[in-house]
Structures are given as structure tokens and as C-alpha cells.
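Structural features, examined
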Amino acid sequence: MIYLQLFFSFLQVGLFSFGGGYAAMPLIQEQIVTKHAWLSMVEFTDLISISQMTPGPIAVNSATFVGNKIAGVGGALIATIGCILPSCIIVTSIAYVYLKNRENQVVQEVLQSLHPAVIAMIASAGISILITAFWGDCGKISVSNTDWSMVVIFAISLFLLRKTCISSILVMILAGGMKLFTSMLL
């Protein structure tokens with residue numbers, strides 16, 4: 001039964017997430033944190049970090065990780081297949097139609113109309129992760145409940161990404177090191 005739940009949960013993620021891994025985060029969160037409670041919100045943010053650091057698409061990495069955590073190697077395989085199956089079918093179908101109609105103005109307008117939805121989904125995922133990082137899993141947003149070390153790490157990371165030519169991977173490693181350092185001090 002758990003295999004079917006994993007398959008259909010990640011089938012929905014694969015079917016309804018447009019715009020890549022970051023856009024899929026709210027859908028993944030809905031399935032694994034809210035609906036099935038397979039992970040807590042803190043574990044979910046850890047999952048996103050791990051999924052970003054490992055090679056491959058974030059949604060597929062998430063499916064593999066959650067499937068393995070819930071039902072071992074078989075669960076990882078089932079969840080991953082569920083996540084990629086819709087994309088394989090949809091992309092093959094769309095590629096066929098697009099190649100036949102690539103000069104059609106309606107096709108171009110449909111593609112342009114998806115941009116705002118993708119931006120909104122990515123923003124929603126980012127805000128969720130920031131709230132969890134700054135205020136934890138309790139959901140109470142207040143100055144007294146703020147994890148100021150995470151705010152400082154975020155600000156330093158944002159500054160480095162926007163104002164320097166440092167690689168984003170190096171910034172993630174540096175942020176992890178800063179968090180480890182602050183954890184050892186506190």
C-alpha cells in the first residue's frame with residue numbers, strides 16, 4: 001500500500017509541477033509534509049538542501065530520498081518512477097506537437113502565459129523555506145522567536161551571491177560551515 005501512496009503522490013508532483021524543481025517544492029511539501037506527514041517541515045527543508053547539493057533534478061532527488069526513507073530501495077524506485085513518468089509522457093507529446101506547430105502564434109502565447117505562475121510557485125517555496133529557517137517549525141513569527149544566526153547567514157550568502165563572483169556551490173558550502181560553526185558555539 002505504501003508503494004502505491006508513494007507512486008501516486010509523486011505522480012501528482014510530476015504531473016502538476018511546471019517550471020522545474022523549485023516550482024515543484026510547494027507540491028512536494030503538500031504531499032510529504034501536509035498530506036501524508038512522512039517528513040516534518042524541518043526535515044523537508046533539510047531534504048531541499050540535500051536535493052540541491054546532489055546531482056540531478058531537485059524533484060527527482062526529493063522523490064528518491066523520500067521513497068528510500070519511507071520504504072527503502074523499492075520505495076525510492078517507485079517514487080522516482082512516479083515523479084518522472086508524467087514528464088516523459090508529456091514532454092514526448094509536446095515535442096511532437098511543437099515540432100509540427102512551432103511557428104504558430106497560439107503556441108508561443110501559451111508558453112509565455114506560464115511564466116507568471118512559475119515565478120509565483122518559486123517565490124512561495126522560497127518564502128516557506130525562509131520562514132522555517134528563521135522561525136523554525138512552530139509557525140510563530142516574532143522577533144523574539146527569530147533565529148538571528150540564520151538571518152545573518154542568509155544575509156551574508158545573499159550578499160556574496162549578488163555582489164561577488166563566488167560560485168553558488170561555494171556559497172552553499174560556506175553557509176553550511178557558518179551554521180556548523182554557530183551550532184558549535186551555542
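Everything here concerns the structure above.
A brief look at the structure comes next.

Rules used in this analysis
- Residues numbered from 1 in each chain as written.
- Predicted model: local features only at pLDDT ≥ 70, side-chain atom pairs only at ≥ 80, totals over all residues.
- Heavy atoms only, no water.
- Core = buried A, V, L, I, M, F, W, Y, C linked by side-chain atoms within 4.5 Å.
- Buried < 20%, exposed > 50% of the residue type's maximum accessible area, 1.4 Å probe, protein only.
- Helix = DSSP H or I, 4+ residues; strand = E, 2+ residues; numbered from the N terminus.
- Contact = heavy atoms within 4.5 Å.
- Patch = residues over 30% accessible without salt bridge, like charges linked within 9 Å, V, L, I, M, F, W, Y side chains within 5 Å.
- Areas by Shrake-Rupley, 256 points an atom, 1.4 Å probe, with all protein chains shown as cover.
- Salt bridge = Lys/Arg side-chain N within 4 Å of Asp/Glu carboxyl O.
- Expected span 1.5 Å × (residues − 1).
- Phe/Tyr/Trp six-rings, centres within 6.5 Å; stacked < 30°, edge-to-face > 60°.
- Arc of directions from axis to C-beta.

Comments concerning the nonpolar core
Residues Leu6, Phe10, Ile28, Ile32, Phe44 and Val66 are the most contacted members of the largest nonpolar core, which totals 23 residues. The biggest single contributor to this core is helix α4 (residues 58–101), with eight residues. When residues no more than four places from it in sequence are discounted, the contact partners of phenylalanine 44 are Met25, Ile28, Gln29, Ile32, Val33 and Leu39.

Digging into the side chain of threonine 80
Among the secondary structure elements, threonine 80 is positioned in helix α4. The buried category is assigned to threonine 80, whose relative accessible area is 16%.

A look at a nonpolar patch on the surface
A contiguous nonpolar patch, built from Ile50, Met53, Phe65, Ile166, Ile169, Leu170, Met172 and Ile173 and spanning about 720 Å² of accessible area, is present on the exposed surface. Within the residue set of the nonpolar patch, elements represented by two or more residues are α3 (41–53) and α8 (168–185). In terms of residues, the nonpolar patch owes the most to one element, α8, which gives four residues.

Quick word on the environment of cysteine 88
Here cysteine 88 lies in helix α4. Note on cysteine 88: relative accessible area 44%, which makes it partly exposed. Spatially, the C-alpha atom of cysteine 88 lies 24 Å from that of leucine 47, the residues being 41 residues apart in sequence.

Some details on the environment of isoleucine 32
Examined against the element boundaries, isoleucine 32 turns out to sit in helix α2 (residues 21–35). Residue classification places isoleucine 32 among the buried residues on the basis of a relative accessible area of 0%. Measuring from C-alpha to C-alpha, the distance between isoleucine 32 and phenylalanine 10 comes to 9.3 Å, with 22 residues separating the pair along the chain. Ignoring sequence-local partners within four residues, the contact set of isoleucine 32 consists of Phe10, Ala37, Trp38, Leu39, Phe44, Leu47 and Val66.

Describing helix α1 (residues 2–16)
Between its terminal C-alpha atoms α1 stretches 21 Å, which fits the 21 Å expected from 15 residues at 1.5 Å a residue. All of the buried residues along α1 are Leu6, Phe7, Ser9, Phe10, Val13 and Gly14.

What to know about the pattern of salt bridges
All chains considered together, the criterion is met by two salt bridges. Across the pair glutamate 43 and lysine 69 runs a salt bridge, and its minimum N-O distance is 3.8 Å. Of this pair, glutamate 43 sits in helix α3 while lysine 69 sits in helix α4, and the two are 26 residues apart along the sequence. We classify glutamate 43 as partly exposed; its relative accessible area is 33%.

Examining the packing of aromatic side chains
The final tally for this structure, using the stated rule, is three aromatic pairs. Relative to phenylalanine 154, the ring of phenylalanine 134 has its centre 5.7 Å away and its plane inclined at 75 degrees; by these criteria the two rings are edge-to-face. A residue pair is termed long-range when its members are at least 10 positions apart, and phenylalanine 134 in helix α6 (residues 115–135) and phenylalanine 154 in helix α7 (residues 148–163) qualify at 20 residues. The class of phenylalanine 134 is buried, set by a relative accessible area of 11%. Overall, the relative accessible area of 33% leaves phenylalanine 154 in the partly exposed class.

A short note on α3
With 13 residues, α3 ought to run about 18 Å at 1.5 Å a step, and its terminal C-alpha atoms sit 19 Å apart, in line with that. Among the residues making up α3, those that are buried are Met41, Phe44, Thr45, Leu47, Ile48 and Ser51. Considered in projection along α3, the buried side chains sweep an arc of 155 degrees and stay on one side of the axis.

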